[in-house]
Amino acid sequence: MNEPLRTKEEENKITEFYSERLKFLWEQYNKIIGFGILLSGITLILLVSVILNSETREIIKTICDNDKGNCLNPFFIKTAILTLFISTVCFIGCRWCSQILMERQIYGKADDALYYFENILENETVLPSALTPKKYTPQPVGERSGLLRMVGNLNELAKWTGVLLTIVGWISTLCYLFPLLDI
């Protein structure tokens, strides 16, 4: 496909247009991921704190002693804690992956970003992860696109796994607490 040649001014307008929108979109995306971390993490902390509370344990013991057929099943609470813990870790991994992807999209051309960090800043900082080729990249060693593809896939996997496990954690919590309802 032959695209018309663009002037430097047209390229700068395109770069500015997309850079501003990418920054805004990444800010929103990272807020959502942060919300996922908070949601799964706070739910986990609340569950563990309620379980470790001696008064709560006494209430549960009393309920189980008084009504053997209505005793709470510990399997559900263990499942909730495990899934919410893994969910929190997944959301943290997703946030890390999105940081790498965001860096590459916002920095623009890799050569320009490398020039900025190595020459203009005169190596006074470390290179961002997105600009540093990794040995474990599945493409020919040193090719950034392989790293970004791997990070993008890991980001999607971590995000959807985190969402699914948070929902499983909530359902397990509800299944655990269901016998307490006097219906």
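Read on for a plain summary of the structure. Just so we're clear, the structure is a prediction, and the values are computed from it rather than from any experiment. (Residues numbered from 1 in each chain as written. Predicted model: local features only at pLDDT ≥ 70, side-chain atom pairs only at ≥ 80, totals over all residues. Heavy atoms only, no water.)

## A look at the environment of Ser 87
We count it as follows: Helix numbers and strand numbers start at the N terminus; a helix is a DSSP run of H or I with at least 4 residues, a strand a run of E with at least 2. Only protein chains enter the area calculation, which uses a 1.4 Å probe; residues under 20% of their type maximum are buried, those over 50% are exposed, and those in between are partly exposed. Contact definition: two residues touch when any of their heavy atoms are within 4.5 Å.
For Ser 87, the position within the fold is in helix α3 (residues 74-107). On the accessibility criterion, Ser 87 (0% relative accessible area) is buried. Note: C-alpha distance between Ser 87 and Leu 164 (77 residues apart in sequence) is 8.0 Å. In contact with Ser 87, not counting residues within four places along its chain, are Ser 40, Gly 162, Leu 165 and Thr 166.

## Some points on a nonpolar patch on the surface
Under the convention used in this document: Residues with no salt bridge and a relative accessible area higher than 30% make up the patches, which join like charges within 9 Å and nonpolar side chains (Val, Leu, Ile, Met, Phe, Trp, Tyr) within 5 Å. Using the Shrake-Rupley algorithm and a 1.4 Å probe, accessible areas are obtained, with residue cover drawn only from the displayed protein chains. Think of a salt bridge as a Lys or Arg side-chain nitrogen and an Asp or Glu carboxyl oxygen that are within 4 Å of each other.
Among the surface-exposed residues, Phe 35, Leu 39, Trp 160, Val 163, Ile 167, Trp 170 and Ile 171 lie close enough to one another that they form a single nonpolar patch of about 670 Å² accessible area. Breaking the nonpolar patch down by element, the ones donating at least two residues are α1 (8-52) and α5 (144-177). With respect to the secondary-structure elements, Leu 39 resides in helix α1. Looking at Leu 39, the relative accessible area reads 31%, which means it is partly exposed.

## Comments concerning the packing of α1 against α3
For the record, the criterion: A fitted line through C-alpha atoms serves as each axis, taken over the contacting stretch for helices, and the angle formed by two N-to-C directions is quoted from 0 to 180°. Here the angle decides the label: under 35 degrees means roughly parallel, over 145 means roughly antiparallel, 65 to 115 means roughly perpendicular, and every other value means oblique. Should the near helix be turned counterclockwise from the far one by less than a right angle, the crossing is left-handed, whereas a clockwise turn marks it as right-handed. Each residue gets one of three labels, nonpolar for Ala, Val, Leu, Ile, Met, Phe, Trp, Tyr, Cys and Pro, charged for Asp, Glu, Lys and Arg, and polar for the others, Gly among them.
One can describe the packing of α1 onto α3 by two numbers: an axis separation of 9 Å at closest approach and a directional angle of 160°. If you check the angle between α1 and α3, you find them roughly antiparallel. Crossing geometry of α1 relative to α3 is assigned as left-handed. Broken down by class, the residue content of the contact of α1 with α3 amounts to 20 nonpolar, nine polar and two charged.

## A word on the side chain of Asn 155
Position of Asn 155 relative to the elements: it lies in helix α5. Take Asn 155: its relative accessible area is 4%, and that puts it in the buried class. Setting aside anything within four residues of it in sequence, one finds Asn 155 in contact with Tyr 29, Cys 94, Cys 97, Ser 98 and Leu 101.

## Regarding the packing of aromatic side chains
The condition that has to hold: Here a pair means two rings of Phe, Tyr or Trp (six-membered ring of Trp) with centres within 6.5 Å. Their orientation is stacked below 30 degrees between planes, edge-to-face above 60, and tilted elsewhere.
Applying the stated rule across the entire model yields two aromatic pairs. Residues Phe 75 and Phe 76 carry aromatic rings whose centres are separated by 5.7 Å and whose planes lie at 65° to one another, so their mutual orientation is edge-to-face.

## A short note on α3
Think of an α-helix as 3.6 residues a turn; residues three or four steps apart then line up on the same face. What counts is decided by this rule: Here the expected span of a helix is defined as 1.5 Å times the quantity of residues minus one.
Taking 1.5 Å of rise per residue, 34 residues should cover 50 Å, and α3 covers 50 Å from first to last C-alpha, within 8% of that figure. Of the residues flanking the end of α3, it is Gly 108, one or two places downstream, whose phi is positive at about 85°.

## Looking at the layout of surface pockets
Formally: A 1.4 Å probe that fits but cannot get out identifies a cavity on a 1 Å grid over protein atoms alone, an open set with protein on both sides within 12 Å along at least five of seven lines counts as a pocket, and a residue lines either if it has an atom within 4 Å of a point. Grid points are joined across faces, edges and corners, and a volume is the space filled by probe spheres set on the points.
Estimated volume of the largest pocket: approximately 330 Å³. Among the secondary structure elements, those contributing two or more residues to the lining of the largest pocket are α1 and α3. In terms of residue class, the lining of the largest pocket is made up of four nonpolar, five polar and four charged.

## Focus: helix α4 (residues 110-120)
Using the following cut-off: When we speak of the arc, we mean the arc of directions from the helix axis to the C-beta atoms.
Among the residues of α4, Ala 110, Ala 113, Leu 114 and Phe 117 are the ones counted as buried. Summarising the axial view, the buried residues of α4 lie within an arc of 100°, below the 170-degree limit, and thus occupy one face. Along α4, exposed side chains directed more than 90 degrees from the buried face belong to Asp 111 and Ile 120. At the exit of α4 stands Glu 122, carrying a positive phi of roughly 50°.

## Digging into the nonpolar core
So the rule is basically this: Only buried Ala, Val, Leu, Ile, Met, Phe, Trp, Tyr and Cys residues count toward a nonpolar core, and they belong to the same one when joined by side-chain atoms within 4.5 Å.
Listed in full, the twelve residues of the largest apolar core are Trp 26, Tyr 29, Ile 33, Cys 90, Cys 94, Cys 97, Ile 100, Leu 101, Met 102, Leu 147, Val 151 and Ala 158. Sorting the residues of this core by element identifies α1, α3 and α5 as the ones contributing at least two each. Among all residues touching Trp 26, those that are not within four sequence positions of it are Ser 98, Leu 101, Met 102, Gln 105 and Ile 106.

## Considerations on the environment of Leu 47
Inspection of the secondary structure puts Leu 47 in helix α1. Placed 33 residues apart in sequence, Leu 47 and Ala 80 show a C-alpha to C-alpha distance of 8.4 Å. The residues contacting Leu 47, other than those within four sequence positions of it, are Ile 77, Ala 80, Leu 84 and Thr 173.

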